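Residue-level listing of the chains:
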Amino acid sequence: MCAGKMDDGFVRAQLQDITAHLIKNQRSDGSWPVTARRGKKTATVTGWATGVAGIVFFLLEAYAFRKDEDVLRSVQKGLTWLTKNARNTGSTMVWGDLTGSKSPNLTLIHGTAGICILS
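The sections below set out a description of the structure shown in this document. (Residues numbered from 1 in each chain as written. Predicted model: local features only at pLDDT ≥ 70, side-chain atom pairs only at ≥ 80, totals over all residues. Heavy atoms only, no water.)

With that out of the way, let us pick up the pairing of strand β1 (residues 35-38). Strand direction decides the pairing type here: β1 and strand β2 (residues 41-44), joined by four bridges, are antiparallel. For Arg37, the partnering residue across the bridge sits in β2 and is Thr42. Once β1 ends, the chain turns through two residues before running back antiparallel as β2, passing Gly39 with a positive phi of about 65 degrees. (Pairing = 2+ DSSP bridges. Helix = DSSP H or I, 4+ residues; strand = E, 2+ residues; numbered from the N terminus.)

Membership of the largest hydrophobic core comes to 16 residues, with the highest contact counts inside it found for Trp32, Val52, Val56, Leu59 and Leu82. Those elements that provide at least two residues to this core are α2 (52-66) and α3 (69-84). It is α2 that provides the largest number of residues to this core, a total of six residues. (Core = buried A, V, L, I, M, F, W, Y, C linked by side-chain atoms within 4.5 Å. Buried < 20%, exposed > 50% of the residue type's maximum accessible area, 1.4 Å probe, protein only.)

Here we come to the layout of surface pockets. The rolling of a water-molecule-sized probe over the atoms marks out the regions of remaining empty space. Its volume calculated, the largest pocket comes out at about 170 Å³. A total of three residues in the lining of the largest pocket trace back to one element, the largest contributor, which is β2. Per-class residue counts for the lining of the largest pocket are one nonpolar, four polar and three charged. (1 Å grid on protein atoms, 1.4 Å probe; cavity = no way out; pocket = protein on both sides within 12 Å on 5 of 7 lines; lining within 4 Å. Points joined across faces, edges and corners; volume = space filled by probe spheres on them. Nonpolar A, V, L, I, M, F, W, Y, C, P; charged D, E, K, R; others polar.)

The next point concerns α2. Counting along an α-helix, one turn takes 3.6 residues, and residues three or four places apart therefore face a common direction. Between the first and last C-alpha of α2 there are 21 Å, a value that for 15 residues agrees with the 21 Å anticipated at 1.5 Å per step. Listing the buried residues of α2 in full gives Val52, Ala53, Gly54, Ile55, Val56, Leu59, Ala62, Tyr63 and Arg66. In the core, the buried residues of α2 are packed alongside α1 (8-25), β2, α3 and α4 (112-116). Positive backbone phi, at 45 degrees, marks Lys67, one or two positions downstream of α2. (Expected span 1.5 Å × (residues − 1). Contact = heavy atoms within 4.5 Å.)

Let us now look at the packing of α1 against α2. Running from amino to carboxyl end, α1 crosses α2 at an angle of 135 degrees, the nearest separation of the two axes being 11 Å. The orientation of α1 relative to α2 falls into the category oblique. Two packed elements cross with a definite hand, and for α1 against α2 that hand is left-handed. Across from Asp8, Val11, Arg12, Leu15, Gln16, Ile18, Thr19 and Leu22 in α1, the residues of α2 making contact are Ile55, Phe58, Leu59, Ala62, Phe65 and Arg66. In terms of residue class, the contact of α1 with α2 is made up of nine nonpolar, two polar and three charged. (Axes fitted to C-alpha atoms, helices over the stretch in contact; angles between N-to-C directions. Parallel < 35°, antiparallel > 145°, perpendicular 65-115°, else oblique. Left-handed = near helix turned anticlockwise from the far one by under 90°.)

And the structure:
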């Protein structure tokens, strides 16, 4: 994190505001309203760059910095959602870039590789 280069009070205040916003907007199923359209359907984005996995990673980093139990609970809900939305191929779990994707996305930015960074 860039916290060592910035005023500690500023960093803590920003983290409090951002994590509070993320916790407030987390859906009851553990995901966040980060969606994209595929055809006529709207689906939740799973990946690292703009999806649930990226939010979970940010919250993990925020928790490491400020040990807020609400943040940890939010992380656990997000990880549970990601696990439930994985496709088990027998030997591994994979994710598409959106919920309901028929084929896995194995890339770092939008797919399985980025989500696996959380493990």
